[in-house]
Amino acid sequence: MPAEDTKYREFEPQTPAIAFEDKLFGMAAAVKRLMDLTIGLALCVIALPIVALIAAAIKLDSPGPVFFRQARIGLHFEPFIMVKFRSLHHNMPDPHTHYEMQEDDPRITRVGALLRNSSLDELPQLCNVIAGSMSLVGPRPLVEWESRETLRRHAARFEVKPGITGLSQITVRNSVDLDARSDVDVEYVRRWSPLLDLEVLLRTPAYVFSRKAIYPDA
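Residues numbered from 1 in each chain as written. Predicted model: local features only at pLDDT ≥ 70, side-chain atom pairs only at ≥ 80, totals over all residues. Heavy atoms only, no water.

Structural notes on the pattern of salt bridges
Counted by the stated rule, this structure contains 10 salt bridges. The salt bridge partner of Arg110 is Asp61, with a shortest N-O separation of 2.9 Å. Here Asp61 lies in helix α3 (residues 27-61) and Arg110 lies in helix α4 (residues 110-118), a separation of 49 residues in the sequence. Since its relative accessible area comes to 65%, Arg110 is described here as exposed. (Salt bridge = Lys/Arg side-chain N within 4 Å of Asp/Glu carboxyl O. Helix = DSSP H or I, 4+ residues; strand = E, 2+ residues; numbered from the N terminus. Buried < 20%, exposed > 50% of the residue type's maximum accessible area, 1.4 Å probe, protein only.)

Shown next, in the form of structure tokens:
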């Protein structure tokens, strides 16, 4: 068995993965990618002044790079490099060890707290969308240990590209554990349509501004 197949099938899911590609093929796949490119490029242009201001604020607030890059697991359990604005002090321990980030976490910078509360730290992921490793809408990308934990019951979430926002992000977000969030991600896969993606995109700003469940137990 090829190495790439072994990596994806190391765990035998308790429930079979949904053949999302059987549903999203041909014109449907083209529509989703076209939505990502057209809306993503438009947002990139609109966001340029905001990106410049945030970059300056990060550099003035604390030493270190403007961007944070980390390997995440994407479509078909393949890793990719996700980009975010840096919200932690430079050279802090990996923020995705086996515990959740807390609101009063001392690793978070002053500007970083504002970025996290507004979800603006995710803005650079528009580059991931344009490059094709992410979609505007889909399950949030997980690090490897999280992906392995959820793969047994929720293999279907890896049959789609991860998203900047998603159904779980505008419903439960961090108010429930990873297993429950993954249940919602699988529901997104089952229900996918261009209209659902548009609904999620339109509902995202209001949910972000509400600041609901930004941190666990929030």
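Looking at the nonpolar core
Counting 19 residues, the largest nonpolar core has Met134, Leu136, Ile164, Leu167, Tyr188 and Val200 as the members making the most contacts within it. When residues of this core are traced back to their parent elements, those giving at least two are β2 (79-85), α5 (125-131), β3 (135-137), α7 (178-191) and α8 (194-210). Beyond its immediate chain neighbours, meaning those up to four positions away, Leu136 contacts Met35, Asp36, Ile39, Gly40, Leu126, Val129, Gly163, Ile164, Thr165 and Leu201. Ala55, Ile58, Phe85 and Leu115 belong to the second largest nonpolar core, which has seven residues in total. (Core = buried A, V, L, I, M, F, W, Y, C linked by side-chain atoms within 4.5 Å. Contact = heavy atoms within 4.5 Å.)

So, the side chain of Ser135
Position of Ser135 among the secondary structure elements: in strand β3. At 3.2 Å, the side chain of Ser135 forms a polar contact with the side chain of Lys32. Polar side-chain contacts of Ser135 include one of 3.3 Å to the backbone oxygen of Val137. Contacts of Ser135, omitting those with residues within four sequence positions, involve Lys32, Asp36, Val129, Lys161, Pro162, Gly163 and Ile164. (Polar contact = N/O pair within 3.5 Å; in protein donor to acceptor, adjacent residues only side chain to side chain.)

Things to note about the pairing of strand β1 (residues 67-73)
Summarising the sheet, β1 and β2 pair through seven bridges and their orientation is antiparallel. Looking across to β2, one finds that Phe67 is bridged to Phe85. Turn length for the β1-β2 hairpin, with the two strands adjacent in sequence and antiparallel, is five residues, and the turn residue His76 shows positive phi of about 60°. (Pairing = 2+ DSSP bridges.)

Notes on α8
In a regular helix each residue adds 1.5 Å, so 17 residues correspond to 24 Å; α8 covers 25 Å between its end C-alpha atoms and thus fits that length. The principal kink in α8, of about 35°, is found at Thr204, preceding the proline Pro205 by one to four residues. Listed as buried for α8 are Leu196, Asp197, Val200, Thr204, Tyr207 and Val208. (Expected span 1.5 Å × (residues − 1). Bend = angle between axes of the 7 residues up to and from the residue.)

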